[in-house]
Amino acid sequence: MERIRGLAGLLALLCALAGCDPQRIRELEEGVSTEADVRARFGEPEKVWDGPGGERIFEYNRQPAGHQNYMISIGPDGRMSALRQVLNPNTFARIQPGMMMEDVRKMLGKPMKVTPYPLKREVHYDWRWMQPPNTPMVFTVVFDTDYRVLRTGSVLDPESPEGRGGPSK
């Protein structure tokens with residue numbers, strides 16, 4: 001059984017790296033698909049968050065290599081009520097100074113990288129995302145030592161060819 005789980009996990013990883021998410025998303029329908037349908041297509045969530053009204057929110061993280069994080073809401077009836085790709089300017093705009101780190105994590109999912117700067121008394125959380133139509137970016141949330149948001153910003157992904165001065169695709 002453990003071997004089957006390991007193979008299923010490997011298959012899910014390979015599928016994520018190969019870009020299978022659009023196919024999986026097309027196979028799900030809000031209000032119709034069940035929690036079992038979601039798990040069958042996306043696997044085990046990175047984290048399950050409590051949502052309003054008994055809803056549970058499944059986090060499907062594509063960091064550090066990917067540019068998406070999905071939050072899939074499962075209502076109290078066990079049916080999918082929403083599927084959102086959360087790494088986008090609309091979600092970023094909702095991050096405000098003073099917000100707690102856990103609230104940011106619930107909105108954006110697990111970051112690709114966390115970097116402490118002890119002398120500055122800051123911690124930076126970074127997420128890779130794609131600015132339409134296809135510009136690779138990094139969104140950073142800067143927290144103070146109490147893990148409250150100080151500021152945010154986006155820059156060209158320094159790991160991308162564009163960020164290293166190469167041609168864009």
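Reading the values: the criteria
Residues numbered from 1 in each chain as written. Predicted model: local features only at pLDDT ≥ 70, side-chain atom pairs only at ≥ 80, totals over all residues. Heavy atoms only, no water. Buried < 20%, exposed > 50% of the residue type's maximum accessible area, 1.4 Å probe, protein only. Helix = DSSP H or I, 4+ residues; strand = E, 2+ residues; numbered from the N terminus. Arc of directions from axis to C-beta. Contact = heavy atoms within 4.5 Å. Pairing = 2+ DSSP bridges. Axes fitted to C-alpha atoms, helices over the stretch in contact; angles between N-to-C directions.

Trainee: Give me the lowdown on helix 3 (residues 35–42), citing residues and values where you can.
Mentor: Of all the residues in helix 3, the buried ones are Glu-35, Val-38 and Phe-42. Looking straight down helix 3, one finds that the buried residues subtend no more than 60° of arc, so they occupy a single side. Opposite the buried face of helix 3, by more than 90 degrees, sit the exposed residues Ala-36 and Ala-40. On the buried face of helix 3, the contacting elements are helix 2 (21–26), strand 2 (56–61), strand 3 (69–74) and strand 4 (80–85). Backbone geometry just after helix 3 places Gly-43 at a positive phi near 85°.

Trainee: Tell me about the sheet that holds strand 6 (residues 122–131), and please be specific about residues and values.
Mentor: The strand order across the open sheet formed by four strands is 5-6-7-8, and the pairing between neighbours is antiparallel. Looking at strand neighbours, the two that pair on one side only are strand 5 (113–117) and strand 8 (149–156), the edges of this open sheet. Going from strand to strand, the sheet's axes swing by 25° on average, the running direction of each strand aside. Running over the sheet, helix 5 (residues 101–108) touches strand 6, strand 7 (135–144) and strand 8 and is turned about 160° from strand 7.

Trainee: An account of the sheet that holds strand 2 is requested, with residue identities and associated values reported.
Mentor: In space, the four strands of this open sheet follow the order 1-2-3-4, with antiparallel pairing throughout. The open sheet is flanked by strand 1 (47–50) and strand 4, the only strands paired with a single partner. Pairwise comparison of adjacent strand axes, ignoring direction, gives a mean angle of 20° for this sheet. Sitting on the sheet, helix 3 touches strand 2, strand 3 and strand 4, and the angle it makes with strand 2 is about 10°. Here helix 5 sits on the sheet and contacts strand 1, strand 2 and strand 3; the angle it forms with strand 3, its principal contact strand, is near 90°.

Function cannot be read off these values alone, since they describe shape.
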